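Fold and contact review
So you can see what is in the structure, the chains are spelled out below.
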Amino acid sequence: MQLILAPQLNPNEDSIYVVEWRKGVRDPVRRGEIIAEVETSKATVEVESEADGYLIPLVEAGKAVRVGEPLAALVANVDEQFVLPDLLSRGTTEASQSSADKRRRWTVKAKLLAERNGLNPETVEIPVEGPGPVTEALVQEYLQQRVSSPSSSLTISFAPAKLAGPQEDLVDSHCPAGRAERILILGAGDGAVQTLDVIRLTRHQLAIGLLDDNSDIHGRTLLGCPIVGPLSLAKELWGQGVFDKAIVSISTNPELRVDLYTQLTSQGIPFANVVDPTVIIGSNASMGSGNLIMAFCRLGSCATIGDNNFLSAYVNIEHHSILGNHCTFGPGVMLSSRVRIGNRVRLGTGIFMEPKVSIEDDAVIGSGNILVYGSRVSRGRTIRTPAPSAAAGRHAME
Amino acid sequence: MKQTFLESIRESLATILEKNENAYLLGEDIVDPYGGAFKATKGLSTRFPDRVLPTPISEAAIVGVATGMALRGNITIAEIMFGDFLALAADQIINHASKLHMMYGTQLDMSLVIRTAVGGGRGYGPTHSQNLERLFLGTDGLQILAPSLYHSPGETLKEAVASKRPTLFLEHKLLYPSPTKLGEVPPLWAMLTEGRWPTAFVKNFHGGSGDVTIISYGGTSLLVDEVSQRMIDEEVRITACFPLSLNQLPEEQVLEECAATGRVIVVEEGPTYGGWSAEISAWLHRALGKNIRAPVVRVGAANSLIPNARSLERDILPSINNIEDAILAVLSA
């Protein structure tokens, strides 16, 4: 018995159509005789028999056959039995599975969940009933069991049990009057170090924890204060009554500063003002909430500042001046009287303003600028540092 | 036996010619017995000898004449043998067909459809395998349609003619022999939206929310389909969106599906550089806002020649592996 395979008539075709058979079932054919007409997308072609024999067409007229697959068979005798060999058996998948490949398959979702929780799919053993793969649900179950088991060595990325409400504190629970405000600090970078430094000096505030999206530092402490988890944990901690007020310590990412303040206040979380004891606050001066005011700043009489501002050391907001929200000041910014500064304004260091200067929203004032009487800086405008004595090759205001 | 993509087109061409005395087909080698390079017009010149017109080898002439005839109120369907040859007709398409009916004070209806076979995967080489439709994006006045595995190309063709607007109609070569998958085809669940240019939404899961949204069009639906099926075993829940129109995207519906997962992949067979996926991705980044959970990942061809040799062609064109890598990327972000 011999098979005639569907020919490759041009390099672009994977299959050909049988137009018609020129010979019938078990007709005698000689080598070279035309047995069928086949069609590609370009032309029709006649197929010849490769040998003598009795023809058994294997593909119906009008149907397609893949190139290389059997088109017809030739048998030596007219009544010879013919059975199409099982050409498709390329070896069972069980046989091809090497002995090294004994590990159970994990689904993509199972692997992702495992990796996100510090489990290595290559080494962790998760029991599976039946032949199926390790699924996400099974990994989920496994993780939950590990969390609740006391001998678990899995480090959990946050530990809410570490922070307790004032009800747990032996002093606060017995003498609640005048207890210190528990402050949650958002951000655990340099700004947080400054914030903690200030809170250490105030008797009425107590820093109870920090949140930061850098998961590498979760579980560590900053000046003895625990870094508890990511920024997104704030809402949950508020729900647990673990803190009284929050403060954003981030000063170098102004957009994040604004976002955090606005998001959390919209969720009902109150913000504290964290003010160094050396700060002088004049008569009838006022401020909103969420302001961070470093050492030796001054608010002159009747000066007003809004919310969520960050003032570095030695900033003077002179009498009758008005400052909006979400502004950041470098050290040594000197305002004179009746200056108005809008929202989200960024100021460098060593800036001097004569009276009645007006700076609109989103402006940026580079270090060392002197703004004379009545100057107006329009919305979004950047005033660069004039002739810096040394530049690091980067923008003066970062 | 289910009707194939090609048969659907051929049948609709016949119906259009039958129902409209003023309908004409123009193209190279479209008459019988050859019946077109891909056999789309086989049998039609026999039935309608005066209205199936073979042309000289000049794509500019084909589109130009078809445009003129359409402006005079005829229905013209011009066949550009390979989408790569659209370049030869580019001026006629961009500066004439798309604009003449609007430029001169009077707005005219113009039933001109330019049909062309696009895409690679058959080893046809650099100038017979491309997807050049991105060169026509942003041409106001031209609607660009690309039926996928889930659309009826024949119905779309009839709608295109009925819309009386100059249309570029993209037929992917690999789709020609496929039966169209209309309706629900387990293990995937497919749904077509209402409207003139329906979008197909195909999910590989039932009930609950998806993990990843994949947006694609035309022939790439074959790849995305296969990936969606493979991902069932991996528990990755995929919602695929196949818009029919490239430049009239059903924004609200697509946005809803993308916002539901927050993780989007855009797949096209053309190069990602400066392509349709760049436009969609830019739009999504702005429109999704805080619903984005991972940056949109784009999958497309490398910005390179498409080789003749099949093995080399496979490395340039987007593959199942590329899409699966993209899925992992958006899920891990």
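So, here is what we can say about the structure in this document. (Residues numbered from 1 in each chain as written. Chains lettered and ligands numbered in written order. Predicted model: local features only at pLDDT ≥ 70, side-chain atom pairs only at ≥ 80, totals over all residues. Heavy atoms only, no water.)

1. Describing the overall build of chain A
Threshold: Secondary structure is summarised from DSSP: a helix means a run of H or I of at least four residues, a strand means a run of E of at least two, and numbering begins at the N terminus for each. The contact rule is simple, with two residues in contact once any of their heavy atoms fall within 4.5 Å. In short, Shrake-Rupley with a 1.4 Å probe defines the accessible areas, and a residue's cover is counted only from the protein chains shown.
For chain A, the count of helices and strands is seven helices and 32 strands. The long-range share in chain A, meaning contacts at least 24 apart out of those at least 6 apart in sequence, stands at 38%. Counting only carbon and sulfur atoms, one obtains 51% of the accessible surface of chain A, whose full area is about 21300 Å².

2. Section: the sheet that holds strand E25 (residues 340-341) of chain A
Residue and element names in this part refer to chain A. Spelled out, the test is: DSSP-based pairing: two strands are paired if at least 2 bridges between them are found.
Reading across the sheet, the six strands line up as E16-E19-E22-E25-E28-E31 and stay open at both edges, with parallel pairing between neighbours. Of all the strands in the sheet, just strand E16 (286-287) and strand E31 (376-377) have a single pairing partner and so form its edges. Direction of pairing for E16 relative to strand E19 (residues 304-305): parallel, over a ladder of two bridges. Looking across to E19, one finds that Met287 is bridged to Ile305.

3. A look at the sheet that holds strand E8 (residues 70-75) of chain A
All names here are of chain A. If you trace the four strands from one edge of the open sheet to the other, you get E1-E8-E6-E3, paired in antiparallel fashion. Two strands bound the open sheet, and with one partner strand each, they are strand E1 (2-5) and strand E3 (28-29). Here four bridges tie E1 to E8, and the two strands are oriented antiparallel to one another. Pairing of Ile4 across the sheet is with Ala72, part of E8.

4. Concerning the pattern of salt bridges
All names here are of chain A. Put simply, the rule is: Salt bridge criterion: a side-chain nitrogen from Lys or Arg within 4 Å of a carboxyl oxygen from Asp or Glu. To sort residues, take the accessible area from a 1.4 Å probe on protein chains only and compare it with the maximum for the residue type: under 20% means buried, over 50% means exposed, and anything in between is partly exposed.
Considering all chains together, one arrives at 25 salt bridges over all chains under this definition. Here Glu136 and Lys109 are joined by a salt bridge, their closest N and O atoms 3.8 Å apart. Of this pair, Glu136 sits in helix H3 (residues 136-148) while Lys109 sits in helix H2 (residues 108-116), and the two are 27 residues apart along the sequence. Residue Lys109 is classed as buried on the basis of its relative accessible area of 8%. The partner of Asp172 in a salt bridge is Arg182, and the shortest N-O contact between them spans 2.6 Å. Taken as a pair, Asp172 in helix H4 (residues 170-174) and Arg182 in strand E9 (residues 181-186) lie far apart in primary sequence, ten residues in all.

5. What to know about the interface of chain A and chain B
Cut-off, in case you're wondering: Buried surface area refers to the total accessible area, computed with a probe of radius 1.4 Å, that the two partners give up upon joining, counted for both partners together.
Between chain A and chain B, the contact holds 18 residues from the first and 16 residues from the second. For the pair chain A and chain B, the summed buried area comes to about 1500 Å², and 41% of that belongs to carbon and sulfur atoms. Viewed at the interface, chain B and chain A are joined by two salt bridges. Note that Asp211(B) and Lys109(A) form a salt bridge whose closest N and O atoms lie 2.3 Å from each other. Per element, the largest residue contribution to the side of chain A that touches chain B is five residues, and it comes from H2(A).

6. Structural notes on the packing of helix H8 (residues 251-261) of chain B against helix H9 (residues 276-288) of chain B
Residues and elements named next belong to chain B. Definition in use: In this description, a line fitted to the C-alpha atoms serves as the axis of each element, helices being fitted only across the stretch in contact, and the angle between N-to-C directions of two axes falls anywhere from 0 to 180 degrees. Angle categories are assigned with fixed cut-offs, so that under 35 degrees is roughly parallel, over 145 is roughly antiparallel, 65 to 115 is roughly perpendicular, and the rest are oblique. The residue classification treats Ala, Val, Leu, Ile, Met, Phe, Trp, Tyr, Cys and Pro as nonpolar and Asp, Glu, Lys and Arg as charged. All others, Gly included, are polar.
The contact between H8 and H9 brings their axes to 11 Å, and the two run at 70 degrees. Considered as vectors, H8 and H9 are oriented roughly perpendicular to each other. Of the residues in H9, those touching H8 at Glu251, Val254, Leu255, Cys258 and Ala259 are Trp283, Leu284, Ala287 and Leu288. Looking at the contact of H8 with H9 residue by residue, the classes come out as eight nonpolar, no polar and one charged.

The analysis is restricted to geometry; functional conclusions fall outside its scope.
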